[in-house]
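# Commentary on secondary and tertiary structure
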Amino acid sequence: MQEKLREIETIAQQEITRATSVEELENVRIQYLGRKGVLTELLRNIKDIPLSERPLIGKQANVIKQKLLSSIEVRIRTVGRQEKRGKKVDITLPGIKPAVGTLHPITQVTKEIGNIFSSLGFSRIDGPEIETTFRNFEALNIPQDHPSRDSFDTFYLEKDLLLRSHTSPVQIRAMEKYRPPLYIFVPGRVYRPDAVDASHSFMFHQIEGLAVDKGITFADLKGVLHMFVLKMFGEKTKMRFRPHFFPFTEPSAEVDISCIICGGKGCRVCSQKGWLEILGAGMVHPNVFRSVGYEPKQCRGFAFGMGVERIAMLKYGIDDIRFFFENDCRFLRQF
Amino acid sequence: MRVPLEWLKEYVDINVTSDELVQKLTLGGLEVTAIEDTPFGKIFEVEATSNRPDWLSLLGIAREIYALEGKGKLKWPNTSLPHKRGFEKIFNIIIMDREMCPRYTARIIENVKVESSPDWLKKKVESMGLRSICNVVDITNFVLFEYGQPLHAFDLNKIVGSQIVVRLAKNGEKIKTLDGIERTLNKETLVIADVQKPIAIAGVMGSENSEVDFNTTNVILESACFDATSVRKTSRKIGLITDSSYRFERTVDWEAVRQANDRAAYLICKYAGGRLREEFFDSAPAKRSLKKIKISQQEISEILAIEIDSEEIRNILKRLGISLKKSTKTSFECEIPSYRRDLTIAVDLIEEIARIFSYDKIPIRLPVVKPNLELECSKLHKTEDVIKEIFVSLGFNEVINYSLTGSEVLRNLRLKLDDVIPIQNPISSEVAVLRPSLLSGIVQSLSYNLNRRVEQVKIFELAHVYSRETRKIEEKLNVSFGLSGLKYIYDWEDKPKNLDFFDAKGTVEALFKALRISNFNFSETGFLNLFNPSNAAAIMLKEKMVGYIGEVCKELLEDFNINTPVFVGELFVDSIFPFIDFNRKFVPFSSYPFVARDIAVVIGESIPASNIISVIRRIGKELVKDIRLFDRYIGSQVSCGCVSLAFNIKYQSEKKTLTDEEVNELHSKICLALQEELKVQIR
């Protein structure tokens with residue numbers, strides 16, 4: 001009898017180990033331990049065993065029963081986990097990517113620049129692209145028939161309307177509408193009749209800024225632009241101010257940054273100079289204050305401006321301005 | 001302007017290397033854009049800004065170096081000749097318009113030997129990029145570059161009537177200029193003329209028939225001042241810019257007019273063997289008073305935020321050639337030299353002081369910024385940013401197209417040309433009008449990408465369009481999008497599908513949901529002619545049309561080289577803006593579960609699905625939480641000309657859990673109503 005019991009235990013354990021589903025294990029349990037199970041049947045025939053052996057057999061049978069139940073339980077847990085996980089998937093098949101949209105790189109750079117000036121406390125203001133000759137030129141101290149007008153030449157519409165050649169007219173509008181203190185920045189599209197090539201476009205984007213307040217100095221202008229340069233291009237970037245001429249500012253300056261490609265050693269991008277010109281700036285000319293009805297003797301202000309495409313081309317290593325307006329998806333999706 | 005270094009050294013001491021000099025000049029405001037090594041030595045290319053005409057001469061640059069360095073010597077050419085009266089006895093000069101010609105000087109040199117120039121002169125002229133012509137002409141060019149004062153030498157014997165008149169031309173008068181081109185003049189052009197004909201376009205170029213050649217024996221040398229605006233207008237009109245006109249339009253130095261005349265006459269006599277007549281013609285010999293500007297030490301230190309003592313200020317002003325008249329320790333009355341017409345007000349002097357002091361030494365400070373509350377709270381910027389973000393989240397790529405387009409593109413899209421605004425001076429016919437709609441750009445961008453075999457194109461643009469409405473030119477903000485190609489590029493689990501009208505409709509619905517705009521609907525009419533009328537809709541908000549979506553007519557796509565279906569939409573942001581709800585308010589949702597029931601309705605294909613939905617809503621009232629279409633079936637299981645629409649309706653109450661009986665009752669009511677009112681079949 002003992003032999004028989006041991007045999008049954010071994011076979012049952014094998015079947016338990018071989019089972020691959022919860023259902024199979026349930027069958028094994030019924031088969032061996034159920035009402036009509038092998039072990040149960042065997043124990044029914046215990047009356048055929050001499051009395052003296054009965055307690056031993058009984059104990060052995062119970063032990064085996066417990067062992068099998070335990071094995072079945074453990075195996076059920078393992079197999080159950082496997083079943084819940086399902087069939088093994090080929091993880092190297094491509095994922096199903098939903099379409100990912102992108103903002104145009106010009107929008108992204110405009111946002112980044114705008115955020116820097118917002119963080120310094122400047123407010124954003126917008127204005128129309130169709131402007132009057134007065135706000136585009138005369139109000140900015142650019143008289144008619146003057147050589148300085150050449151650099152700002154633009155497209156004319158009818159009567160005395162034109163497409164603005166810089167975003168400065170919006171600053172004029174702001175000063176006409178609000179009194180100082182005024183700290184604003186203006187992003188927007190501008191137009192100049194240049195033939196289109198790798199570095200010129202007849203339509204491009206600018207961001208200009210203006211600060212008018214009591215006690216504004218040239219040092220404040222330097223400070224604001226320095227902060228912009230560090231935040232935009234990194235803390236290691238150097239900045240230098242060079243005297244220049246703009247009809248609407250005096251003193252005027254062009255602002256360079258140390259070349260972001262070669263760090264200032266000289267390379268093709270910076271034409272071996274080590275410096276890249278990125279901004280024009282200066283103290284607002286008294287004639288500009290006069291044209292908006294501010295009293296020049298009581299006002300001080302500074303203004304600055306930059307080309308967004310230029311900044312984007314430097315930052316992203318884009319070598320042809322035409323990419324921005326071709327809208328090739330292979331270009332747009334890189335940003 | 002070209003600046004040969006060796007030549008420059010004749011006028012000023014230069015004790016630094018050429019690289020150091022480039023740095024000094026550039027950081028002082030005179031940008032050196034190139035350095036060339038040439039057979040004439042090192043030559044700088046400098047960019048003189050339009051406010052510094054005095055930099056258009058080598059003496060001017062020498063003065064600048066002297067001002068920046070603060071030491072060394074200026075070596076000025078010293079040629080002063082006699083200026084005897086009585087010129088009119090030998091020759092007559094009449095100035096008809098003193099405003100157009102404020103000063104005219106002339107001198108006669110007889111018995112010149114016109115030959116090719118001596119080597120030193122040839123080299124100097126060639127180093128400036130000109131060809132050597134002959135000694136007399138080369139000298140006039142030499143002095144032009146030296147002093148920045150344009151001069152002209154006429155062959156005296158070619159001038160008819162011993163008379164020069166400075167006058168306006170007559171309409172139709174002709175002149176053959178030195179470049180061999182015959183030009184017709186008009187009455188706005190200032191000319192130099194003899195009794196018969198014009199012999200020069202004043203300030204721009206002389207005529208062939210009065211030029212000095214190898215047979216010339218007597219020369220009359222002109223050095224004058226012509227009105228800047230007049231020369232500029234003439235130069236632009238005839239399309240001719242010369243070294244002379246360039247300088248006149250920026251205004252020449254009054255004082256240099258006479259000096260340059262003397263210098264050239266001296267050189268001609270020395271190197272061309274002429275005999276100088278001592279009589280000198282000067283239409284305005286009186287000394288002109290110089291401009292005075294007052295400036296204080298306080299202003300300077302305040303505006304520049306620097307500490308600068310009055311001794312240093314004096315030094316800088318002196319180096320700049322500015323004499324101090326009545327001055328105290330802290331305030332200065334400055335007399336501005338004649339060649340600095342750009343210095344007119346105090347801030348001009350402040351810039352001079354700043355750049356000689358060095359911009360680098362000005363400190364860096366951050367101002368205390370005061371934001372403008374009205375601007376900070378503006379909703380329009382937020383709206384633009386939000387709209388862009390919504391499109392990005394829907395998987396669209398933002399494009400930026402030119403605001404200008406051509407009439408041909410507009411015609412190809414059947415867009416109306418009457419209210420389109422033209423550019424007066426376009427650079428080409430392809431960009432000669434302002435776009436009235438963003439769709440032309442969107443279709444072009446779709447075409448560009450589809451032609452490069454991009455399998456899925458989803459693009460959008462938020463920008464301005466321009467048109468004339470009620471006689472005024474208006475600038476409006478629109479947003480537009482385009483869809484074409486596969487719905488899902490990467491989905492290998494399902495059958496491939498293409499983007500269609502409902503993707504465009506869904507885009508608008510998603511956009512309006514995100515902007516919390518409700519009460520909009522789609523109408524079958526009112527959209528543009530570029531749309532396929534069977535597959536398009538106008539978007540209506542409170543009975544006003546605020547945009548349109550649809551398939552672009554297949555016939556039009558040919559002009560754009562597109563042969564797959566293309567869906568576009570455009571919305572008028574200005575019209576939508578007032579309906580956007582910027583407030584967010586939490587609406588509590590029901591804590592009771594919903595019960596869902598499906599219903600499949602068979603209707604005629606031409607019946608709008610919205611009819612079914614309105615009935616369901618009307619009967620179900622607030623207990624119908626959601627109606628979702630999950631299938632639209634046309635096929636063998638449904639009669640011909642009919643379609644089966646399967647909806648999943650979610651029933652839910654705010655107040656309690658609905659029982660099965662309650663739901664069944666309501667659902668039956670709805671089915672009944674559909675059958676009775678719309679004569680539909682329920683599957």
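Residues numbered from 1 in each chain as written. Chains lettered and ligands numbered in written order. Predicted model: local features only at pLDDT ≥ 70, side-chain atom pairs only at ≥ 80, totals over all residues. Heavy atoms only, no water.

Time to look at the overall build of chain B. Looking only at helices and strands, chain B features 21 helices and 30 strands. Relative to the compact-globule value of 26 Å for 683 residues, chain B shows a C-alpha radius of gyration of 40 Å, a clear excess of over 25%. Considered along the principal axes of its C-alpha atoms, chain B spans approximately 125 × 60 × 50 Å. Per-residue burial over chain B gives 53% buried out of 683 residues. By sequence separation, contacts in chain B at least 24 residues apart represent 68% of the contacts at least 6 residues apart. (Helix = DSSP H or I, 4+ residues; strand = E, 2+ residues; numbered from the N terminus. Rg over C-alpha atoms; globule rule 2.2 N^0.38 Å. Buried < 20%, exposed > 50% of the residue type's maximum accessible area, 1.4 Å probe, protein only. Contact = heavy atoms within 4.5 Å.)

In this section: the packing of aromatic side chains. As enumerated under the stated definition, the model contains 38 aromatic pairs over all chains in all. Taken together, a centroid distance of 5.6 Å and an interplanar angle of 85° make the contact between Trp120(B) and Phe142(B) edge-to-face. Of this pair, Trp120(B) sits in helix H5 (residues 119-127) while Phe142(B) sits in helix H6 (residues 135-147); the two residues are 22 residues apart in sequence, bridging distant segments of the chain. Feature note: the residues Phe155(A), Phe202(A), Tyr316(A), Phe323(A), Phe324(A), Phe325(A), Phe331(A), Phe335(A) and Tyr402(B) constitute an aromatic cluster, connected by ring pairs. Directly above the aromatic system of Trp254(B) lies the positively charged group of Arg288(B), at a separation of 3.6 Å from the ring centroid. Looking at Lys650(B), its charged tip hangs above the ring of Phe594(B), at a distance of 5.3 Å from the centre. (Phe/Tyr/Trp six-rings, centres within 6.5 Å; stacked < 30°, edge-to-face > 60°. Lys NZ or Arg CZ within 6 Å of the ring centre and 35° of its normal.)

Glancing now at the packing of helix H5 (residues 105-119) of chain A against helix H10 (residues 308-316) of chain A. Packed helices, taken two at a time, are described by their axes: the angle between them and the distance between them. Residues and elements named next belong to chain A. Between H5 and H10, the shortest axis-to-axis distance is 9 Å and the interhelical angle comes to 100°. Looking at the two axes, H5 sits roughly perpendicular to H10. Taken together, the residues of H10 that come into contact with H5 (itself represented by Pro-105, Ile-106, Gln-108, Val-109, Thr-110, Glu-112 and Ile-113) are Val-308, Glu-309, Ile-311, Ala-312, Lys-315 and Tyr-316. By residue class, the composition of the contact of H5 with H10 is 8 nonpolar, 2 polar and 3 charged. (Axes fitted to C-alpha atoms, helices over the stretch in contact; angles between N-to-C directions. Parallel < 35°, antiparallel > 145°, perpendicular 65-115°, else oblique. Nonpolar A, V, L, I, M, F, W, Y, C, P; charged D, E, K, R; others polar.)

In this section: the confidence of the model for chain B. Residue and element names in this part refer to chain B. Averaged over chain B, the pLDDT score is 93; the fraction of residues at 70 or greater is 100%. Per-element averaging of pLDDT across chain B places strand S30 (residues 681-682) at the bottom with 81 and strand S18 (residues 397-398) at the top with 98. Quick note on the complex model: pTM equals 0.88, ipTM equals 0.90. (pLDDT = per-residue confidence, 0-100.)

Residue and element names in this part refer to chain B. Counting buried residues along strand S17 (residues 331-335), 4 of its 5 residues qualify, which places the element largely inside the surrounding structure. One ladder, built from 5 bridges, connects strand S15 (residues 292-296) with S17; its direction is antiparallel. Bridge assignment links Lys-294 to a residue of S17, and that residue is Glu-333. Taken together, the 2 bridges between strand S16 (residues 323-324) and S17 define a ladder with antiparallel strand orientation. Bridging from a neighbouring strand, Leu-324 pairs with Cys-334 of S17. Between S16 and the antiparallel strand that follows it, S17, lie 6 residues. (Pairing = 2+ DSSP bridges.)

All names here are of chain A. With an omega of 5°, the peptide bond running from Pro-180 to Pro-181 counts as cis. Within the secondary structure layout, Pro-181 lies in the loop between helix H7 (168-177) and strand S4 (182-191). For the bond from Glu-250 to Pro-251, the omega torsion is 0°, close enough to zero to count as cis.

This part is about helix H9 (residues 254-271) of chain B. Residues and elements named next belong to chain B. Along its 18 residues, H9 runs 27 Å from first to last C-alpha, staying within 8% of the 26 Å computed at 1.5 Å per residue. Taken residue by residue, H9 has Trp-254, Ala-256, Val-257, Ala-260, Asn-261, Asp-262, Arg-263, Ala-264, Ala-265, Leu-267 and Ile-268 as its buried positions. Contacts made by the buried residues of H9 are with strand S5 (103-110), H6, strand S6 (151-155), strand S13 (219-225) and strand S14 (275-282). Positioned one or two residues after H9, Gly-273 has a phi angle of 60°, which is positive. (Expected span 1.5 Å × (residues − 1).)

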